[in-house]
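Breakdown of the fold
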Amino acid sequence: MPPDILCFGEPLGEFNQTRPGEPSYLFGFGGDTSNCAIAAARSGASVGVIGAVGDDTFGRDFFRLWQAEGIDISAMRMVEGRQTGLYFVTHGPDGHEFSYRRAGSAAALVQPEDVPLDAIRRAKVLHVSGISQAISPNASDAVLAAIRAAKAAGVTVSYDTNLRLRLWPIERAREVTNAAMREADIALPGLDDARQLTGRDTPDAIADFYLEGGSRIVALTLGKEGALIATPDARRIVPSITVAAVDATGAGDCFDGAFLAEWLRTGDPFRAGRYACAAAAFSTTGYGAVAPLPRREAVLAAMEKAG
């Protein structure tokens, strides 16, 4: 059976600083759409990944990781002679900071003709992000080709803005992500990103912006405050849970995957939002993007304990 959720983006090897101010790093896996795929799989969804990694140690490690997580890799490419991107996470008084080594990565060199259109047409949800488009012009075009194929086949499109101004200027980011959001059925922005991309300040005004653009569901993450879930007919803020957070790396990606998995399970965006907020909070209790991603049983237990 083809996977229900298909995630398209840039996998990245991760080196996460474990003690602030010291050269001590824990190797792991990252890349927003890969994180989303793993979060969704751990929440019980049927998931696949598409795109490209290099035929190197890190690319092969990703293939083993995805297989261990039960993620479909049949349409993911491993490109000989190319490298898999890397990033480093350091921690300080102002939070975490990212440093990237991704120039010329296999993911950045993906072309529109590389997009596995048949795999997309068989899915229920295609998930992409602003980072998927920001890494190179040809990757941006490839994401648009994937979105068009999904829309033509009646596949739900999910889009997380995931703004990274190191990758492109705000003017270009606004142009591209706002255009993509007009094609998205499910909008998954964060509050800080959305303020810069929409020019609107309040959560309700931002939700209106995306709903007026054509999204059927807006799940606007608000950090510790939870998320605003909005549809054309209703909206409300769903709360998060209180945890002892140590590292927020990948929390937004966890929200995305958990939301999509629970939405496919229940068809209820508000229940999905409540579940995703709890999963994202849970994911901040350990270091790295992937290792702390919780499984559904743990999220449900945390929700029950929180009341």
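These lines cover the structure that appears in this document, whether it is placed above or below. If you're wondering where the values come from, they're calculated on a predicted model, not measured in any experiment. (Residues numbered from 1 in each chain as written. Predicted model: local features only at pLDDT ≥ 70, side-chain atom pairs only at ≥ 80, totals over all residues. Heavy atoms only, no water.)

**Re the packing of helix α9 (residues 251–266) against helix α10 (residues 269–283)**
Contact geometry for α9 and α10: axes closest at 7 Å, N-to-C directions at 145°. Crossing geometry of α9 relative to α10 is assigned as right-handed. Only P269, R271, A272, G273, Y275, A276, C277, A279, A280 and S283 of α10 make contact with α9, whose side of the interface consists of A251, C254, F255, A258, F259, E262, W263 and T266. (Axes fitted to C-alpha atoms, helices over the stretch in contact; angles between N-to-C directions. Helix = DSSP H or I, 4+ residues; strand = E, 2+ residues; numbered from the N terminus. Left-handed = near helix turned anticlockwise from the far one by under 90°. Contact = heavy atoms within 4.5 Å.)

**Regarding the sheet that holds strand β3 (residues 25–30)**
Within the open sheet, the four strands sit side by side as β3-β2-β6-β7. Their pairing is mixed. Edge strands, defined here as strands with exactly one partner in the open sheet, are β3 and β7 (95–101). Neighbouring strand axes in the sheet, compared pairwise and without regard to direction, differ in orientation by 25° on average. As judged from the five bridges shared by strand β2 (residues 12–17) and strand β6 (residues 85–92), these two strands associate in the parallel manner. Note on β6: the bridge partner recorded for G13 is L86. (Pairing = 2+ DSSP bridges.)

**Notes on the pairing of strand β11 (residues 217–221)**
Within β11, four of the five residues are buried, leaving the element largely enclosed by the surrounding structure. Between the antiparallel neighbours β11 and strand β12 (residues 227–230) lie five residues, among them G223 with a positive phi of about 65°. (Buried < 20%, exposed > 50% of the residue type's maximum accessible area, 1.4 Å probe, protein only.)

**Digging into the packing of aromatic side chains**
Given two aromatic rings, their pairing is described by the distance between the two centres and the angle made by the two planes. Applying the stated rule across the entire model yields twelve aromatic pairs. Pairing F15 with F88 gives two aromatic rings, centres 5.2 Å apart and planes at 20°, and the pair type is stacked. Here F15, found in strand β2, pairs with F88, found in strand β6; they are 73 residues apart in sequence, far enough to count as distant. By relative accessible area, which is 21% here, F15 ends up partly exposed. For F88, a relative accessible area of 26% translates into the label partly exposed. (Phe/Tyr/Trp six-rings, centres within 6.5 Å; stacked < 30°, edge-to-face > 60°.)

**A word on the sheet that holds strand β13 (residues 235–238)**
Strands sit in the order β5-β4-β1-β8-β9-β10-β11-β12-β13 across an open sheet of nine strands; the sheet is mixed. The two strands at the open ends of the sheet, each matched to only one other strand, are β5 (76–79) and β13. Summarising the sheet, strand β8 (residues 125–129) and strand β9 (residues 156–160) pair through five bridges and their orientation is parallel. Looking at β9, one finds that S129 is bridged to D160. Across the sheet, helix α2 (residues 57–68) lies against β4 (47–54) and β5, angled at about 155° from β5, the strand it touches most.

**With respect to helix α11 (residues 296–306)**
Residues of α11 that are buried include every one of R296, V299, A302 and M303, and no others. Buried positions in α11, seen along its axis, are confined to an arc of 125° and lie on one side of it. In this structure, α11 carries E297, E304 and K305 as exposed residues pointing more than 90 degrees from its buried face. In this structure, the buried residues of α11 make contact with α1 (32–42), α9 and α10. Downstream of α11 by one or two residues, G307 has phi in the positive range, about 85°. (Arc of directions from axis to C-beta.)

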